[in-house]
Amino acid sequence: MYTKDIHRHLGQKLKDINITDGSLDTSFLMRYSANITTIHDLFYQIYGNHGDVEKWYDKLLSTINNAYDQRSIALKKLDIDKESGDIWYLSNDIVGMSLYVDRFCGTLKDLEQKLDYFQELGVIFLHLMPVMESPEGASDGGYAVSDFRSVASRFGTIDDLRSLEHTMKSKGMYLMLDIVLNHTSQEHVWAKKAAEGDKAYQDYFYMYDNRELPDAFERTMPDIFPDSSPGSFTYLEESKKWVMTVFNSYQWDLNYTNPAVFIEMLDTIFFYANLGVDVLRIDAPAFIWKSLGTTSQNLPEAHVLLQLIKHCVQVSAPGMALLGEAIVAPKEIMKYFGTGRFTGRECDVAYNATQMALQWDALATGDTRVMLSAQSEILKKPYGATWITYTRCHDDIGLGYDDSMIQSAGYNPYSHRTFIKDYYAGNYRGSVAKGALFGVNPKTNDARISGTLASLCGLEYGINHNLQQIIKESLNKIALMQAQSILLGGLPMLYYGDEIGYTNDYTYLNDPGKDYDNRWMHRPLIDWSKNEKRKTKETLEYMVFENTKKIINIRKSYKTFGDHNNIRWMSCHNIHVVGYVRYDKSQSYYCLFNYYGQNTFLTYYIFKEQGLTEGITLTDLWSGEKIVIGRDDEYLSIKPYQFFILTQIGY
Ligand code: GLC
């Protein structure tokens, strides 16, 4: 979240005493004054014991200044605009989509021609999966970056990216790119120099001559890709050294104890800011600080580094918000918004991974109690920060919510998770979900889940077995999942292909750069003749697209659906049905979601608890139907996977 209130007060004070005229440069000076002591303290907290700390601190300040000097006037003006009104990214207008440019349509130039498609759907925010230089073969979908500043030729050029950004801005759209902060590709020039023996670059990584420290680290570091890339170190034949590779063996972890690394990466962050990025997705921030004897995840120093980045960015490029991609335990996710005196002053945005996974949990069990029990934790989000709300993304679904949340619903955590995994991986009789287990850890039995939204909801099964009832039900499940997530509060991020109902794509098995990673089953290659079918009534593509569009439209029609920490969960009167109220001073929306595959009932008392009385008519914005609140011994009847967005119209 911005400390824009500090900026506003200080700016006003400086104006009052005639020190600033409110121009772009004096606004910069004002932000500089407001943040510089914090920047100093945070930098010294990490690098204060470094022999050359003063030299590096000077370098840090010149990096901040250069970033501002190189920022275009247009972006500087936009910074001021974004700081002036409500916090821009909380708005109900914004709905995003995450996509691989090449798999979606080809190149950045092609994407520029597709912007109308997003607008047709109501999407005005794009997250482009990594487009910077990365090896053609195995590159973890571009997350092994070999040059942070040049676009890989298969996507086009940096000028194409600039042109796309420009056109998007002119249409009122927003752009999100990744900074892969934790590691580089083994093909990056720093890695190559390190491998050739350059000592200065060896210090950019964690490189060791023997197994002593790697063994010590690995004693407490969990495996991230236990099946395809076990361990956290890789042996380099050529240089006879071990290098830390927490993710894949070709992704070398950067060493942030070295201030040179921090400054280089901060400068890269500013490079993206000055390309006009609106939200920078900080990839895998939980991993950026390593320490012997720990898991080397979510360490306090990682948070200090993120706070430092945030404060530097808000001096030179305050219009760029930061998203911390921390897919970790619920309590840990919350810390990425900052804690203590930094509450609300770290990442502006984080993934609501807990809610996402719990929707999948509820869909499998038909029981929403685990989801409900997680909300007290999720609601701790500071005002001004927001969530990415989503049902699917390019990654797997992790079941990392707390055991206590499962226990509070009366389940045994181990057998509950085993059921969820079996249900989605096709190992449970009667399940129509078609997914697969990802990252199976033979030591702990942990695993995550791969599969597209449609396949996990049963559409693939229904089509393969030509079962109309299952197909129909899967469409209802897809709409239910999307509605709960899009209306929840936060920045909804659709995942490309889901708006059309793409099922799993198994062709990755024929590609040696991908066959070891089943997340590729849910990274479809878009077939535009299929997407065209969205225009033909009665096709599946039409139904999924229209449903998605309608939910987005509901969100966009009412400001209340923006994220102003204005959500209240309804109490549980039926374990299959979960509900929340989105409210503001004048209007409330009662959103109810049935995760059960059978008809069910809900006492009208649930509305009375919200202050509504018998006889009040509520309109369902989804179906257009009206319901009248009945007596406490009467029941609202609910169909399988039905949901309601109820409000009082014109009362
Ligand atoms: C993030 C990305 C994931 C990638 C990992 C390593 O979690 O979302 O796709 O594998 O970082 O870069």
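Keep in mind it's a predicted model, so treat the numbers as computed, not measured. (Residues numbered from 1 in each chain as written. Predicted model: local features only at pLDDT ≥ 70, side-chain atom pairs only at ≥ 80, totals over all residues. Heavy atoms only, no water.)

Digging into the sheet that holds strand S19 (residues 577-583)
Selection rule: Between any two strands, pairing holds if DSSP finds at least two bridges. Secondary structure follows DSSP: runs of H or I at least 4 residues long count as helices, runs of E at least 2 residues long count as strands, and numbering of each begins at the N terminus. Interaxial angles span 0 to 180 degrees and are taken between N-to-C directions of axes, which are lines fitted to C-alpha atoms, for helices over the stretch in contact.
A sheet is described by the order of its strands in space; here six strands give the open sequence S18-S19-S20-S25-S22-S23, paired in antiparallel fashion. The open sheet is flanked by strand S18 (567-569) and strand S23 (626-628), the only strands paired with a single partner. Strand-to-strand twist across the sheet, computed as the mean angle between neighbouring axes with direction ignored, equals 25°. Relative to strand S25 (residues 643-647), strand S22 (residues 617-620) runs antiparallel, the two being bridged by two bridges. Across the sheet, residue threonine 619 finds its bridge partner in S25, namely threonine 647.

Description of the packing of helix H12 (residues 259-275) against helix H13 (residues 300-316)
The line we're drawing: Roughly parallel here means an angle under 35 degrees, roughly antiparallel means over 145, roughly perpendicular means 65 to 115, and every remaining angle is called oblique. The handedness criterion is simple: a crossing whose near helix is rotated anticlockwise from the far helix by less than a right angle is left-handed, and one whose near helix is rotated clockwise is right-handed. Contact definition: two residues touch when any of their heavy atoms are within 4.5 Å. Each residue receives one of three labels: charged for Asp, Glu, Lys and Arg, nonpolar for Ala, Val, Leu, Ile, Met, Phe, Trp, Tyr, Cys and Pro, and polar for the others, Gly being one of them.
Where H12 meets H13, the axes come as close as 11 Å, and the angle between the chain directions of the two elements is 45°. Considered as vectors, H12 and H13 are oriented oblique to each other. Like other packed secondary-structure pairs, H12 and H13 cross with a definite hand, here right-handed. When H12 is examined against H13, the residues Phe262, Leu266, Ile269 and Phe270 are found in contact with a partner set consisting of Leu305, Leu308, Ile309, Cys312, Val313 and Ser316. Considered class by class, the residues forming the contact of H12 with H13 number nine nonpolar, one polar and no charged.

Focus: the site of the ligand
To keep things clear, this is the line we draw: By convention in this text, a residue qualifies as near a molecule or strand provided that one of its non-hydrogen atoms is within 4 Å of it. For this analysis, a polar contact is any N or O atom pair within 3.5 Å, provided that within protein one partner can donate a hydrogen and the other can accept it, and provided that sequence-adjacent residues contribute only side-chain to side-chain pairs.
Around the ligand, the surrounding shell consists of Asp140, Tyr143, His183, Phe225, Phe247, Gln251, Arg281, Asp283, Glu325, His394, Asp395 and Arg519. At 3.0 Å from an oxygen atom of the ligand is found a side-chain nitrogen or oxygen belonging to histidine 183. Aspartate 395 has a polar side-chain atom sitting 2.4 Å from an oxygen atom of the ligand. Per-class residue counts for the shell around the ligand are three nonpolar, three polar and six charged.

Notes on the nonpolar core
What tends to happen in soluble globular proteins is that the nonpolar side chains get buried as a cluster. The condition is simple: To form a nonpolar core, buried Ala, Val, Leu, Ile, Met, Phe, Trp, Tyr and Cys residues must be joined to one another through side-chain atoms within 4.5 Å. To sort residues, take the accessible area from a 1.4 Å probe on protein chains only and compare it with the maximum for the residue type: under 20% means buried, over 50% means exposed, and anything in between is partly exposed.
The biggest cluster of nonpolar side chains holds 204 residues, and the ones touching the most others in it are Phe118, Leu126, Leu128, Tyr256 and Phe262. At 12 residues, H12 tops the list of elements feeding residues into this core. Leucine 126 has contacts with Met97, Leu99, Leu111, Leu115, Phe118, Met168, Met173, Tyr174, Leu175 and Met176, leaving out every residue within four places of it along the chain. Core analysis: the second largest hydrophobic core is formed by 18 residues, Leu592, Tyr604, Phe607 and Leu646 among them.

As for the pattern of salt bridges
Selection rule: The term salt bridge refers to a side-chain nitrogen of Lys or Arg lying within 4 Å of a carboxyl oxygen of Asp or Glu.
Overall, the coordinates contain 38 salt bridges when judged by the stated rule. Notably, a salt bridge pairs aspartate 159 with arginine 162, separated by 3.7 Å at the nearest N-O pair. Separated by three residues within a single helix, aspartate 159 and arginine 162 lie in helix H8 (residues 158-170), roughly one turn from each other. Residues glutamate 325 and arginine 281 are paired through a salt bridge, measuring 3.5 Å at the closest nitrogen-oxygen approach. Of this pair, glutamate 325 sits in the loop between strand S12 (321-324) and helix H14 (330-335) while arginine 281 is found in strand S11 (residues 279-283), placing the two residues 44 residues apart along the sequence. Exposure class is identical for glutamate 325 and arginine 281. Each is buried.

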